Amino acid sequence: MYRYDELDQALVDERVAEFRDQVRRHLAGELSEEEFRPLRLRNGLYIQRHAPMLRIAIPYGLLSAQQLRALAHITRRYDRGYGHFTTRQNLQLNWPALADVPDILAELARVQMHAIQTSGNCVRNVTADHMAGIAPDEIDDPRPYCEIIRQWATLHPEFTYLPRKFKIAVTGSAEDRAASEVHDIGLQLRRATGGEIGFTVRVGGGLGRAPVIGQVIREWLPVTDLLAYLEAILRIYNLHGRRDNIHKARIKVLVKSLGIERFRSEVEHEWQAGRACAAQLSASELERVRGFFRPQAYESLSNIDVASGREPPFQAWYRYNTRPHRVPGYRAVLVSLKAHGAVPGDMTAGQMEALADLAERVSFGLVRSTHTQNLLLADVPQHRLHEVWQELLSLGLAMPNIGTLTDMIACPGLDFCSLANAGTLSVARQIQERFDDLDYLYDLGEIEIKMSGCMNACGHHHVGHIGILGVDKHGEEWYQISLGGSANGFTALGEVIGPSVPQPEVAITLERIVETYRELREDGERFIDTVRRIGIAPFRERAYALHPAAA
Amino acid sequence: MRYILQRRELRPDDWRYLGEECAESDALIVPLAQLRADPLQWQKRSGPLGALLGPADSVAELSELLPWLALVALQFPNPGDGRGYSQARLLRARLGFAGELRAVGAGVRQDQVFLLTRCGFDSLEPLPGVDLEAVRRALNRYSVAYQPGSAQVELRRQRFMPGAPSAARSPD
Ligand code: SF4
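Cut-off values and rules
Residues numbered from 1 in each chain as written. Chains lettered and ligands numbered in written order. Predicted model: local features only at pLDDT ≥ 70, side-chain atom pairs only at ≥ 80, totals over all residues. Heavy atoms only, no water. Near = heavy atom within 4 Å. Nonpolar A, V, L, I, M, F, W, Y, C, P; charged D, E, K, R; others polar. Helix = DSSP H or I, 4+ residues; strand = E, 2+ residues; numbered from the N terminus. Buried < 20%, exposed > 50% of the residue type's maximum accessible area, 1.4 Å probe, protein only. Contact = heavy atoms within 4.5 Å. Buried area = accessible area lost by both parts, 1.4 Å probe. Patch = residues over 30% accessible without salt bridge, like charges linked within 9 Å, V, L, I, M, F, W, Y side chains within 5 Å. Areas by Shrake-Rupley, 256 points an atom, 1.4 Å probe, with all protein chains shown as cover. Salt bridge = Lys/Arg side-chain N within 4 Å of Asp/Glu carboxyl O. Lys, Arg positive; Asp, Glu negative; His and termini not counted. Charge placed at Lys NZ, Arg CZ, Asp CG, Glu CD. Pairing = 2+ DSSP bridges. Axes fitted to C-alpha atoms, helices over the stretch in contact; angles between N-to-C directions. Domains from an automatic or database assignment. Polar contact = N/O pair within 3.5 Å; in protein donor to acceptor, adjacent residues only side chain to side chain. Arc of directions from axis to C-beta. Parallel < 35°, antiparallel > 145°, perpendicular 65-115°, else oblique. Left-handed = near helix turned anticlockwise from the far one by under 90°. Phe/Tyr/Trp six-rings, centres within 6.5 Å; stacked < 30°, edge-to-face > 60°.

Examining the site of the ligand
At step 1: Around the ligand, the structure places Cys411, Pro412, Cys417, Leu419, Ala420, Ser452, Gly453, Cys454, Asn456, Ala457 and Cys458 of chain A.
At step 2: Residues of the shell around the ligand, tallied by class, amount to eight nonpolar, three polar and no charged.

Regarding the environment of Ile481 of chain A
All names here are of chain A.
At step 1: Tracing the sequence through the fold places Ile481 in strand E19 (residues 476–483).
At step 2: Accessibility expressed as a relative area gives 1% for Ile481, which makes it buried.
At step 3: As for Ile481 and Thr193, which are separated by 288 residues in sequence, their C-alpha atoms are 44 Å apart.
At step 4: With residues near it in sequence (within four places) discarded, Ile481 still touches Ile466, Gly467, Glu495, Val496, Ile497, Val501, Thr509, Leu510 and Ile513.

Brief notes about the interface of chain A and chain B
At step 1: With 47 residues of chain A at the contact, the number on the chain B side is 36 residues.
At step 2: Carbon and sulfur atoms make up 54% of the surface buried where chain A meets chain B, a total of about 3,700 Å² over both sides.
At step 3: On the chain A side of the contact with chain B, Leu7, Pro157 and Tyr161 of chain A bury the most area, a combined 21% of that side's loss.
At step 4: Those elements that provide at least two residues to the side of chain A that touches chain B are helix H1 (6–27), helix H2 (33–41), helix H5 (143–153), helix H6 (226–240), helix H8 (260–274) and helix H9 (283–290) of chain A.
At step 5: Broken down by element, the residue count for the side of chain A that touches chain B peaks at 11 residues, all from H1 of chain A.

Quick notes on a negative patch on the surface
At step 1: A contiguous patch of negative charge on the surface is contributed by Glu433, Asp436, Asp437 and Asp439 of chain A.
At step 2: On the secondary structure map, Asp439 of chain A appears in helix H14 (residues 438–444).

Here's the deal with the sheet that holds strand E7 (residues 168–171) of chain A
Residues and elements named next belong to chain A.
At step 1: Spatially, the five strands line up as an open sheet ordered E6-E7-E8-E9-E10, and their pairing is mixed. Across the chains shown, the open sheet's two edge strands, defined by having one partner strand only, are strand E6 (127–128) and strand E10 (215–222).
At step 2: Both E6 and E7 contribute to a ladder of two bridges, which runs parallel. Directly across from Ala128, in E7, lies its bridge partner Val170.
At step 3: Where H8 meets the sheet, it contacts strand E9 (197–203) and E10, and its direction lies at approximately 30° from that of E10.

Remarks on the domain arrangement of chain A
Residues and elements named next belong to chain A.
At step 1: Per the domain assignment, the segments making up chain A are domain 1 (6–110), domain 2 (134–291), domain 3 (312–395) and domain 4 (409–543).
At step 2: Each of domain 3 and domain 4 has a C-alpha centre, and the two are 26 Å apart.
At step 3: Counting residues at the interface gives 12 residues for domain 3, matched by nine residues for domain 4.
At step 4: Both faces considered, domain 3 and domain 4 share a buried interface measuring about 960 Å² in area, 59% of it formed by carbon and sulfur atoms.

Looking at the side chain of Glu231 of chain A
At step 1: Its location among the elements puts Glu231 of chain A in helix H6.
At step 2: Within the structure, the side chain of Glu231 of chain A is placed 3.3 Å from the backbone nitrogen of Ala279 of chain A, a separation counted as a polar contact.
At step 3: With residues near it in sequence (within four places) discarded, Glu231 of chain A still touches Trp152, His156, Phe159, Ala278 and Ala279 of chain A together with Arg89 of chain B.

A look at the pattern of salt bridges
At step 1: Summed over the entire model, instances satisfying the criterion amount to 69 salt bridges over all chains.
At step 2: Several salt bridges share partner residues, and in doing so they unite Asp5, Glu6, Asp8, Glu285 and Arg288 of chain A together with Arg156, Arg157 and Arg159 of chain B into one network.

Points about helix H16 (residues 527–534) of chain A
An α-helical segment advances 3.6 residues per turn. Residues three or four places apart therefore align on the same side.
Residues and elements named next belong to chain A.
At step 1: Burial in H16 covers these residues: Phe527, Ile528, Thr530 and Val531. Projection of H16 onto a plane perpendicular to its axis shows the buried side chains occupying an angular sector of 160°, all on one side.
At step 2: On its buried face, H16 sits against strand E18 (466–473), E19, helix H15 (506–520) and helix H17 (537–543).

Digging into the sheet that holds strand E11 (residues 322–324) of chain A
Residue and element names in this part refer to chain A.
At step 1: Spatial strand order, E3-E14-E15-E12-E11: five strands in an open sheet with antiparallel pairing. In the strand order of this sheet, the two ends are held by strand E3 (62–64) and E11, each with one partner. Each neighbouring strand pair of the sheet contributes to a mean axis angle of 30°, computed without reference to strand direction.
At step 2: In this structure, strand E14 (residues 366–369) lies alongside strand E15 (residues 375–381), joined through two bridges in antiparallel fashion. Across the sheet, Arg368 pairs through a bridge with Leu376, a residue of E15.
At step 3: Across the face of the sheet, helix H3 (residues 65–78) comes into contact with E3 and E14 while running at roughly 85° to E3.
At step 4: Packed on one face of the sheet, helix H11 (residues 349–362) meets strand E12 (330–335), E14 and E15 and runs near 25° to E15.

As for the pairing of strand E5 (residues 49–53) of chain B
All names here are of chain B.
At step 1: Most of E5 is tucked away, with five of its five residues classed as buried.
At step 2: Bridging between strand E4 (residues 27–31) and E5 involves four bridges; their strand directions are parallel. Directly across from Val30, in E5, lies its bridge partner Ala51.
At step 3: Sheet analysis places E5 next to strand E6 (residues 69–75), joined by five bridges and oriented parallel. Looking at E6, one finds that Leu53 is bridged to Leu74.

Thoughts on the packing of H1 of chain A against H2 of chain A
For any two helices packed against each other, one specifies the crossing angle of their axes together with the interaxial distance.
Residues and elements named next belong to chain A.
At step 1: Two numbers describe how H1 lies on H2: the axes approach to 10 Å, and their chain directions differ by 160°. Relative to H2, the element H1 lies roughly antiparallel. In terms of crossing hand, the pair formed by H1 and H2 is left-handed. Contacts between H1 and H2 involve Phe19, Gln22, Val23 and His26 on the former and, on the latter, Glu33, Phe36, Leu39 and Arg40.
At step 2: Here the residues of the contact of H1 with H2 sort into four nonpolar, two polar and two charged.

Concerning the packing of H3 of chain A against helix H4 (residues 101–110) of chain A
Residue and element names in this part refer to chain A.
At step 1: Running from N to C, H3 and H4 point in directions that differ by 165°, and their axes come no closer than 10 Å. Classified by the angle between their axes, H3 and H4 sit roughly antiparallel to one another. Handedness of the crossing formed by H3 with H4: right-handed. In this structure, H3 uses Leu71, His73, Ile74, Arg77 and Tyr78 to contact H4, whose residues at the interface are Asp103, Ile104, Glu107 and Leu108.
At step 2: Class assignment for the residues of the contact of H3 with H4 results in five nonpolar, one polar and three charged.

Points about the domain arrangement of chain B
Residue and element names in this part refer to chain B.
At step 1: When cut into domains, chain B gives domain 1 (3–141) and domain 2 (144–172).
At step 2: On a C-alpha basis, the centroid separation for the pair domain 1 and domain 2 is 22 Å.
At step 3: When domain 1 packs against domain 2, close to 1,000 Å² is buried across both sides, 52% of that on carbon and sulfur atoms.
At step 4: Where domain 1 meets domain 2, there are three residue pairs in polar contact (both at pLDDT 80 or more).

Some points on the packing of aromatic side chains
At step 1: Counted by the stated rule, this structure contains 21 aromatic pairs over all chains.
At step 2: Consider the rings of Trp152 of chain A and Phe159 of chain A, whose centres lie 6.4 Å apart with planes at 55°: the pair is tilted. The same class applies to Trp152 of chain A as to Phe159 of chain A, namely buried.
At step 3: Considering the side-chain rings of Phe76 of chain B and Phe121 of chain B, the 5.5 Å spacing of their centres and the 70° angle between planes classify their relative orientation as edge-to-face. Highlighted residues: Phe76 of chain B in the loop between E6 and helix H3 (83–94) and Phe121 of chain B in the loop between helix H4 (113–118) and strand E8 (123–126), separated in sequence by 45 residues. One exposure class covers both Phe76 of chain B and Phe121 of chain B, and it is buried.

Encoded structure:
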């Protein structure tokens, strides 16, 4: 993984010193809350329902064992002994004290981490495919580009006060596992016939209110033009994005109002005119960064039959929670943060420490976070999988439900978030309880549930096979259900099936929906494919069967 | 007497804004709209001429007037409005403006001036009452940066600098 050099380290250290002074001035009454707000946001600090919330950046989801241990230590010392992994591969602390935050950031800086630009109207953490570097279908490793973009975006002199937040994702495979089409900028690595690497650039995607799928602005961008081109897009956005209405301030609204053709010509013109003075990614710098992401020192092994003859629970775990690896004899292991009865994405300090130890023993000391709020041990020798399973089992991290209905994504919702309309965690629990039978889950197969507590869509509900959106109805928590969304491979936005349902009826409604699928599916057909084939009408009819109000 | 921070020096402001009391030979800052309405009227004055732009103004519209201008002032009505950062960058790097580039208003505070100066501003006019000493100290908050920027902020190390030596820095 990338290691900071003296420049990188100085920057985060100086950032800590700056924020320490800002907190001091705020606590001394020299900086009003209004003045302090944009500053704390750019250091990941929100003021939430109960307490501040600190969002720590995990650039493109990559963590060393040492960093994971430091996070465990921080959650113990400054919080309540657990953290919450988000859909953008970051980690959130729900209970830090404002006065402690500079110390937390200093502890992070000691292990080459930070919380810079994890919120606020600026360029946010750059995300990538969690299978980067090991996926069999990969064109090029996206992480060096993510790291370069991370650096370039950090304290960018021109783009730190944008109209609205700005999210960039890079995907290196044919199958888009980074949901790049629903980002403000989505970069997809491509290889030309001559072997050169470049990007297809999409712009204007995003969820939230009025979700949009990004449009291609440039089919082919040579990698060395990356920063100059990003600068051109950001400059047009910074100058012309709307600032009068927070709900119209994302770049997607600008792209829509100008039209992609006109937006493209403005960007192209800006790119050409500004090129000579723009930040430049030199071939040598690219090589330097790529050098940190070389393949691991793999043993030469061959693929083995791991599961045959083993106990069925191991077989189920092997089937659902491990993934093929590019290198023979290895497998990627998904560490499930979706145990039934637990909050999706939550992890205790003890689990973090034990996983750090395990990663050092079996996976080159590295752990990744995924945008489905799980973790990943990327490089596990197949002959050690059984041992890894046993250990994860003892840690409560081996729930064999990855890709099934209970591997759901949920934002923190009303329990923590001050913007929420409705709770998500209670609904997650309700779903876990109702769908607690693994054989039933396996029969249902691959289903992605994504849940948000409000229109801001942090839980990406628009792109869930089943999307759940919390709404406020006269002070009560109701839930709107949509079907047919997808972010993997083929991006599609779900369609709302009908009126929202009250909190106690969410899981039963889902059951009626998946029962409809069981009845109408063709042989071997996945849920999402059935929805695409027959549309949502049959589901709507059945979902409300017992609802006189919907008749 | 209004004080500003010019190239790290705390000094009395020599410039007057249109509407403030001033002599024919005083340096005068005129809002873009008035300037464009009758450019000749202003060019005839004996004193130096400056233009005042709001965040929504297009700096490209200024290009014909630039040779007449000794100063361009960009307004920052609040710290969250970042358009002036791009306007400054365009004025320096694209239009080659080499005169005084001033950031004015409530968005010019000690927590913003490091980045403002990196975008090419060489004079800072915060709201009255702001501690200019603190603003000056804030110009040294960072010793490194990842992006190219104005040579006014001296840094130990930078990355992603433009390659061709002729275009190494934005002129200012
Ligand atoms: S979707 Fe809404 S409720 Fe959920 S975390 Fe985002 S802002 Fe909060």
